[in-house]
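Here is what each chain is made of, one letter per residue.
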Amino acid sequence: MSTLPDSATAVPAAANAAGEPGRETLLSVRGLRVSAADGSELVHGVDFEIPRGSAVGLVGESGSGKTLTCRSVLGLLPVGVEVTGGEISLRGTELTALPAAEWVRLRGTDLAAVFQDPASYLNPSITVGAQLAEVLRVKTGLARRAARSRAVELLHAMGLHRPEHVYTQYPFELSGGMLQRVLIAVSIAAEPELLIADEATTALDVTVQAEVLELLAELRRDRGLTLIVVSHDLAVISQVCDTVHVFREGSIVEAGTTRQVLRAPRHPYTLELIENHERFGIDRVRKQRSQR
Ligand SMILES: Nc1ncnc2c1ncn2[C@@H]1O[C@H](COP(=O)(O)OP(=O)(O)O)[C@@H](O)[C@H]1O
Ligand SMILES: [Mg+2]
């Protein structure tokens, strides 16, 4: 019998529904192949489905193809790298065939992403509030004054204290965790359906990392945001995700519910990932998961 308080054992409705039959697929990736300019293949036929409202983890060591997979979905592959096979479909629309302009529109309204180094996505000489308000004006057509108050609201919703003050601050005045919250605000400004967080908490210390992950979980719970969380760190994935896909050398070697994969990994590589785990926390998460 579980001794955890109700609040700790209560699973949000969205998490309960994850993976249940009949749940609508938001994004489907089938047989995705990605190759470099010299013809060498970097991603070797990757398959996964993202149900609407779910949180799906992509885990694997550095260089295993997680970022190229996500950038394929976003239409943001590095120069010379291209999709050479497979299909990526968002609500039934095939993305790889889209003209570039259409993809730009999708990235504004349906797809969004946050990456590891938030400072590099902000202009150092403009206040974070003005930058967020500008994104709101461009992407949602709000007038200047309305964009400003919406920006303050969003900063508040991102868990930033004294949002009016934060609005007036420059990027260098904010900590890494605060900057990542600002970037999350920027990325969800146009209310996308899918947010890809690629190593978004990797540079943060463990406590701040957990807080930012909690924010992502909250956005999912409260706004129905669908999440793809990418990390080399299984503990990160296990904090937020219902299901996990394990990448190794450009392929997915194992997939399943997070609980299943953590408790009874089937692939030796997954076991290795769990065993090599140096970060404090994963044992606790595994225990909590096994009590549910
Ligand atoms: N622009 C590029 N040109 C050639 N190879 C690349 C490029 N970007 C990434 N790669 C290679 O593709 C593989 C997968 O990279 P990536 O998707 O970034 O891995 P991960 O995000 O899992 O760390 C790696 O071997 C990497 O060296
Ligand atoms: Mg990466």
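Presented here is a report on the structure given in the accompanying data block. Since this is a predicted model, take the numbers as computed values, not measurements. (Residues numbered from 1 in each chain as written. Chains lettered and ligands numbered in written order. Predicted model: local features only at pLDDT ≥ 70, side-chain atom pairs only at ≥ 80, totals over all residues.)

Observations regarding the overall build of the protein
On a plain count of helices and strands, the protein comes out with 13 helices and 10 strands. Counted over contacts in the protein with a minimum sequence separation of 6, partners at least 24 positions apart contribute 68%. (Helix = DSSP H or I, 4+ residues; strand = E, 2+ residues; numbered from the N terminus. Contact = placed C-beta atoms within 7 Å.)

Topic: the site of ligand 1
The local shell around ligand 1 holds 13 residues, among which L42, K66, T67, L68 and P78 are the closest. Broken down by element, the shell around ligand 1 gets its largest block of residues, three residues, from helix α3 (residues 66–74). Broken down by class, the residue content of the shell around ligand 1 amounts to six nonpolar, six polar and one charged. (Near = placed C-beta within 6 Å. Nonpolar A, V, L, I, M, F, W, Y, C, P; charged D, E, K, R; others polar.)

Comments concerning the nonpolar core
Grouped together as the largest cluster of nonpolar side chains are 75 residues, with contacts concentrated most on L132, I228 and V229. The element that contributes the greatest number of residues to this core is helix α8 (residues 176–187), accounting for seven residues. Built from parts of two domains, this core gets at least three residues from each of domain 1 (6–110 + 193–291) and domain 2 (117–191). I228 has contacts with I50, V56, L58, C70, L194 and I196, leaving out every residue within four places of it along the chain. (Core = buried A, V, L, I, M, F, W, Y, C linked by C-beta atoms within 7 Å. Buried ≥ 20, exposed ≤ 12 C-beta atoms within 10 Å, placed from the backbone. Domains from an automatic or database assignment.)

Some thoughts on the pairing of strand β1 (residues 25–35)
Here eight bridges tie β1 to strand β2 (residues 41–51), and the two strands are oriented antiparallel to one another. Across the sheet, the residue bridging to S28 is E49, located in β2. Hairpin connection between β1 and β2: a loop of five residues separates the two successive antiparallel strands, and G39 in this loop has a positive phi of roughly 90°. The sheet contact formed by β1 and strand β4 (residues 82–90) spans seven bridges and is antiparallel. Directly across from S35, in β4, lies its bridge partner E82. (Pairing = 2+ DSSP bridges.)

Things to note about the environment of D198
Take D198: it is sitting in strand β7 (residues 194–198). Along the chain, D198 and K66 lie 132 residues apart, while their C-alpha atoms are 8.3 Å from each other. If sequence neighbours within four positions are ignored, D198 has contacts with T67, C70, A113, F115 and V230.

Considerations on unusual backbone geometry
Within the chain, R162 stands out as a residue other than glycine whose phi angle is a positive 45°. The topology assignment puts R162 in the loop between α6 (144–157) and α7 (163–167). The exposure class assigned to R162 is exposed, which follows from the 10 C-beta atoms found within 10 Å.

Examining the sheet that holds β2
Here we have four strands laid out as an open sheet, ordered β2-β1-β4-β5, and antiparallel in their pairing. The open sheet terminates on both sides in strands that have one partner only, identified here as β2 and β5 (93–94). Its contacts with the sheet put α3 on β1, β2 and β4, and the angle it makes with β1 is roughly 120°. (Axes fitted to C-alpha atoms, helices over the stretch in contact; angles between N-to-C directions.)

Details of the sheet that holds strand β9 (residues 243–248)
By definition, the strands of a sheet pair up through backbone hydrogen bonds, in either a parallel or an antiparallel sense. Read from one edge to the other, the open sheet built from six strands follows the order β6-β7-β8-β3-β9-β10, with strand pairing classed as mixed. Edge positions in the open sheet fall to β6 (111–114) and β10 (251–257), since each of these has one partner strand only. Taking each pair of neighbouring strands and ignoring which way they run, the sheet shows an average axis angle of 15°. Lying over the sheet, α8 contacts β6 and β7, oriented at roughly 170° with respect to β6.

A few points about the packing of α8 against helix α9 (residues 206–223)
Where α8 contacts α9, the axes come no closer than 10 Å and their chain directions differ by 15°. For the element pair α8 / α9, the angle class is roughly parallel. Note that α8 runs across α9; the crossing there is right-handed. Across from G177, Q180, R181 and I184 in α8, the residues of α9 making contact are V208, E211, V212 and L215. The class makeup of the residues in the contact of α8 with α9 is four nonpolar, two polar and two charged. (Parallel < 35°, antiparallel > 145°, perpendicular 65-115°, else oblique. Left-handed = near helix turned anticlockwise from the far one by under 90°.)

Re the environment of L132
Inspection of the secondary structure assignment puts L132 in helix α5 (residues 128–140). The buried category is assigned to L132, around which 26 C-beta atoms lie within 10 Å. Beyond its immediate chain neighbours, meaning those up to four positions away, L132 contacts A151, L154, V182, A185, V186 and A189.

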